[in-house]
Amino acid sequence: MTKATHLECSLCHQRLEAGTVQNLCSCGGPLLVRYDLDKIRHRWRRREVPNGPSSMWRYAPVLPPAGNFIVTLGEGWTPLVRATRLGARMGADALWVKDEGLNPTGSFKARGLSCAISMCVALGVRKVAIPSAGNAASALAAYAATAGLESHIFMPRDVPQANYLECKAYGAHVTLVDGLISDCGRMVAERGPQEGWFDVSTLKEPYRIEGKKTMGYEVAEQRDWELPDAIFYPTGGGVGLIGMWKAFDEMERLGWIGSKRPKMISVQAEGCAPIVRAFEENEPRSRFFENAHTVAAGLRVPKALGDFLVLEAVRASGGAAVAVSDDEMLADGIQLATDEGIYAAPEGAACVSALRKLLASGLLKSTDRIVLYNTGSGLKYPEAYSTRFPRTAASEQDKLGGLITPR
Ligand SMILES: Cc1ncc(COP(=O)(O)O)c(C=O)c1O
Ligand SMILES: [Zn+2]
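Right, let's walk through the structure included here. (Residues numbered from 1 in each chain as written. Chains lettered and ligands numbered in written order. Predicted model: local features only at pLDDT ≥ 70, side-chain atom pairs only at ≥ 80, totals over all residues. Heavy atoms only, no water.)

## A short note on helix α12 (residues 326–340)
Let me state the cut-off plainly: Each helix corresponds to a stretch of at least 4 residues labelled H or I by DSSP, and each strand to a stretch of at least 2 residues labelled E; elements are numbered beginning at the N terminus. One fewer than the residue count of a helix, multiplied by 1.5 Å, yields its expected span. The buried label applies to any residue whose accessible area, calculated with a 1.4 Å probe on protein chains only, is under 20% of its type's maximum; exposed applies above 50%, and partly exposed to all values in between.
In this model, α12 (15 residues) spans 21 Å end to end at C-alpha, consistent with the 21 Å of a helix rising 1.5 Å per residue. When we look at burial in α12, the residues that qualify are M329, L330, D332, G333, L336, D339 and E340. Just past α12, the residue G341 takes up positive phi, approximately 75°.

## Let's talk about the nonpolar core
Definition in use: Residue types Ala, Val, Leu, Ile, Met, Phe, Trp, Tyr and Cys, when buried and joined through side-chain atoms within 4.5 Å, form a set referred to as a nonpolar core. In what follows, a contact means two residues having at least one pair of non-hydrogen atoms within 4.5 Å.
By size, the foremost hydrophobic cluster in this structure holds 57 residues, and its most contacted members are F248 and M251. It is helix α9 (residues 239–253) that contributes the most residues to this core, 8 residues altogether. F248 has contacts with G216, V219, L227, I231, I257, R261, P262 and M264, leaving out every residue within four places of it along the chain. Judged by nonpolar contacts, the second largest core, of 30 residues, contains A269, A296, L299 and L355.

## Describing empty space enclosed by the protein
To be explicit about the condition: Throughout, the protein atoms alone are placed on a 1 Å grid, and a set of points is a cavity if a 1.4 Å probe fits but cannot get out or a pocket if it is open with protein on both sides within 12 Å along at least five of seven lines; lining residues have an atom within 4 Å of a point. Grid points are joined across faces, edges and corners, and a volume is the space filled by probe spheres set on the points. Side-chain classes are defined by residue name, with Ala, Val, Leu, Ile, Met, Phe, Trp, Tyr, Cys and Pro counting as nonpolar, Asp, Glu, Lys and Arg as charged, and the others, Gly among them, as polar.
As enumerated under the stated definition, the model contains 3 cavities of 30 Å³ or more in all. Here the largest cavity is characterised by a volume of approximately 50 Å³. As for the largest cavity, its lining consists of T20, V21, Q22, A116, M119, C120, L123, V125, F198, E205 and Y207. Looking at which element gives the most residues to the lining of the largest cavity, the answer is helix α3 (residues 109–123), with 4 residues. Residues that form the lining of the largest cavity fall into these classes: 8 nonpolar, 2 polar and 1 charged.

## Looking at the coordination of the zinc ion (ligand 2)
The condition is simple: Note that water is not among the atoms used; donors are N, O and S atoms within 2.8 Å of the metal (3.2 Å for Na, K and Ca), so sites may look incomplete. The geometry test gives tetrahedral to four donors whose angles all lie between 85 and 135 degrees, gives square planar to four donors and octahedral to six donors whose opposite members are over 155 degrees apart with all other angles between 65 and 115, and gives irregular to the rest.
Looking at the metal site, the zinc ion (ligand 2) is ligated by C9 (SG), C12 (SG), C25 (SG) and C27 (SG), spaced 2.3 Å from it. Taken together, the 4 donor atoms coordinating the zinc ion (ligand 2) span angles of 104 to 115° at the metal, a pattern that classifies the geometry as tetrahedral. Mapped onto the polypeptide sequence, the residues donating to the zinc ion (ligand 2) form the spacing pattern C-x2-C-x12-C-x1-C. Of this pair, C12 sits in the loop between β1 (4–9) and β2 (15–17) while C25 sits in the loop between β2 and β3 (31–35), and the two are 13 residues apart along the sequence.

## Quick word on the sheet that holds β1
Hydrogen bonds between backbone groups are what pair the strands of a sheet, and the pairing can be parallel or antiparallel. Convention followed: Paired strands, in this sense, are two strands between which DSSP finds at least two bridges. Note on geometry: axes are lines fitted to C-alpha atoms, helical ones only across the stretch in contact, with angles between N-to-C directions running from 0 to 180 degrees.
The sheet built from 3 strands is open, its strands ordered β2-β1-β3 with antiparallel pairing. The open sheet is flanked by β2 and β3, the only strands paired with a single partner. Strand-to-strand twist across the sheet, computed as the mean angle between neighbouring axes with direction ignored, equals 40°. In terms of strand pairing, β1 meets β2 through 3 bridges, oriented antiparallel. Note on β2: the bridge partner recorded for L7 is L16.

## A word on the site of ligand 1
Defined as follows: Nearness of a residue to a molecule or strand requires only that one of the residue's heavy atoms be within 4 Å of it. Between N or O atoms, a polar contact is any pair within 3.5 Å; within protein, one atom must be a potential hydrogen donor and the other a potential acceptor, and residues adjacent in sequence are included only when both atoms are from side chains. Computed with a 1.4 Å probe, the accessible areas rest on the Shrake-Rupley method; for each residue, only the protein chains presented here act as cover. Grid points define the cavity or pocket, and a molecule sits in it when more than half of its atoms lie within 2 Å of them.
Inspection of the region around ligand 1 gives 16 residues, with N135, Y233, G236, G238 and T375 positioned closest. Between G238 and ligand 1, the recorded distance is 2.5 Å, taken from a backbone N or O atom to an oxygen atom. Between a nitrogen atom of ligand 1 and a side-chain N or O atom of T375, the distance comes to 2.7 Å. About the coverage of ligand 1: the protein hides 98% of its 390 Å² of free accessible area. Under a 2 Å grid-point criterion requiring more than half of the atoms, the pocket assigned to ligand 1 is the largest pocket. Mapped by element, the contributors of at least two residues to the shell around ligand 1 are β10 (230–234) and α9. Residue classes in the shell around ligand 1 are distributed as 5 nonpolar, 8 polar and 3 charged.

## What to know about the layout of surface pockets
Within this model, the largest pocket holds a volume of roughly 660 Å³. In terms of lining, the largest pocket is formed by 41 residues, of which the most central are I181, T202, G237, V301 and K303. Where the lining of the largest pocket is concerned, the elements lending two or more residues are α4 (135–147), α6 (181–195), α7 (208–212), β10 and α9. Element by element, the count of residues in the lining of the largest pocket is highest for α6, at 5 residues. Its residues placed into classes, the lining of the largest pocket shows 18 nonpolar, 16 polar and 7 charged. Counted as a void, the second largest pocket has a volume near 370 Å³. In this structure, the second largest pocket is lined by 18 residues; those nearest its centre are L32, R34, W245, K246 and D249. Sort the elements by how many residues they give to the lining of the second largest pocket and α9 lands first, with 6 residues.

## Thoughts on the sheet that holds strand β13 (residues 369–374)
Overall, mixed pairing links the 6 strands, which are arranged β4-β5-β13-β10-β11-β12 in an open sheet. Each edge of the sheet is formed by a strand with only one pairing partner; in this case those strands are β4 (80–82) and β12 (320–324). In this sheet, adjacent strand axes meet at a mean angle of 25° when their direction is disregarded. Pairing of strand β5 (residues 94–99) with β13 involves 6 bridges; the strand directions are parallel. Residue A94 lies in a different strand from β13, and its bridge partner there is R369. Across the sheet, helix α8 (residues 214–222) lies against β4, β5, β10 and β13, angled at about 140° from β13, the strand it touches most. Running at roughly 95° to β12, α12 makes contact with β4, β5, β11 (263–269) and β12 of the sheet.

## Brief notes about the pattern of salt bridges
Worth spelling out the cut-off: By definition, a salt bridge exists where a carboxyl oxygen of Asp or Glu is found within 4 Å of a side-chain nitrogen of Lys or Arg.
Tallying each qualifying case throughout the model produces 28 salt bridges. The salt bridge partner of E218 is K98, with a shortest N-O separation of 2.7 Å. Note that E218 is positioned in helix α8 and K98 in strand β5, a separation of 120 residues in sequence. By relative accessible area, E218 is classed as buried at 0%. The salt bridge involving E210 is made with K213; its shortest N-O contact spans 2.6 Å. Grouping residues by exposure puts E210 and K213 together as buried. Salt bridges here are not isolated pairs; linked through shared partners, they connect K98, E100, R111 and E218.

Written as structure tokens, this is what we have:
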């Protein structure tokens, strides 16, 4: 069972009690869960990990203290697929894709929300609310449904249709907002307190990141406890990247890995690249990215609460932040599907485009061992990919309906 000792503010380092209902620190900083890793080190060896379940809960000793209240749909322990053909095409001899599209609700968001909803149940929270670019909403709705909680979801009106349909099917209360995820966040913050909703926004509660960090534990275990040379991660709020970085430190403290770290590559869309801009300008934090637009809905985050943590990890690792265009990510998504049989979300596909750029720039070399995170399934993005494969001319649309059900 978990040995969480306290919550620590990532800004002012104040300590708060673990296992309590918390949002941000009083200084506005995100809270991180800390564990007694020295104690865990003596009781839990890495060779024992495979005895655990085939889900992210195999790492339960370093996950939040949800006790008997684990709310799971089988998230995590996703395959790490060797991408030989794509690698040969790109000049990357040792390339893998960590395929998060196979998670419940089709994205890595399942990991964070399994953890957060487990803690809600353990702590007696009954109503939850989230602002989301799409996939976090689907995951929240699903885990709230299985836990019997009431969920309130705020998403941009032009969110992918799949996300909207899922949330409705899971019985969530859905509000479509004329604006971006930042506007949705404001609405949750304003209405939440009077409605009695617990705000599970990215990094505004301490437990989602704990689920996401398991992507870091898994890549180590699946590579026999040797981290790759580079990790590409499509970055919206950046929590997956921050979480993996935290996982690497924890694993080192557990004696499971050494001090070597992969170059962390933060991938964004040209139409919304606040982290890339801050990286290039050598700034510790990002600025709000005006007129954010991209088909990769999960990357449409104009200002992330944890931007400074992403930038710290990228810089400390000797990595980079790279922006790619929507055209590049869709073309590379199709290439990945054609070469490897993995139909990626545009967010995941963006990693392929970013890899091409960094091989060309010389930051990475052909012999580097590289892992791309495909954070979601392409099946959730028919609007984006159908721009590449229009089935019929606009004038033919009518006839198609007529063929299936004569009118
Ligand atoms: C498919 C997909 N990839 C990546 C992201 C970005 O995630 P993070 O907040 O960890 O940066 C999202 C967020 O919505 C997403 O849905
Ligand atoms: Zn603080």
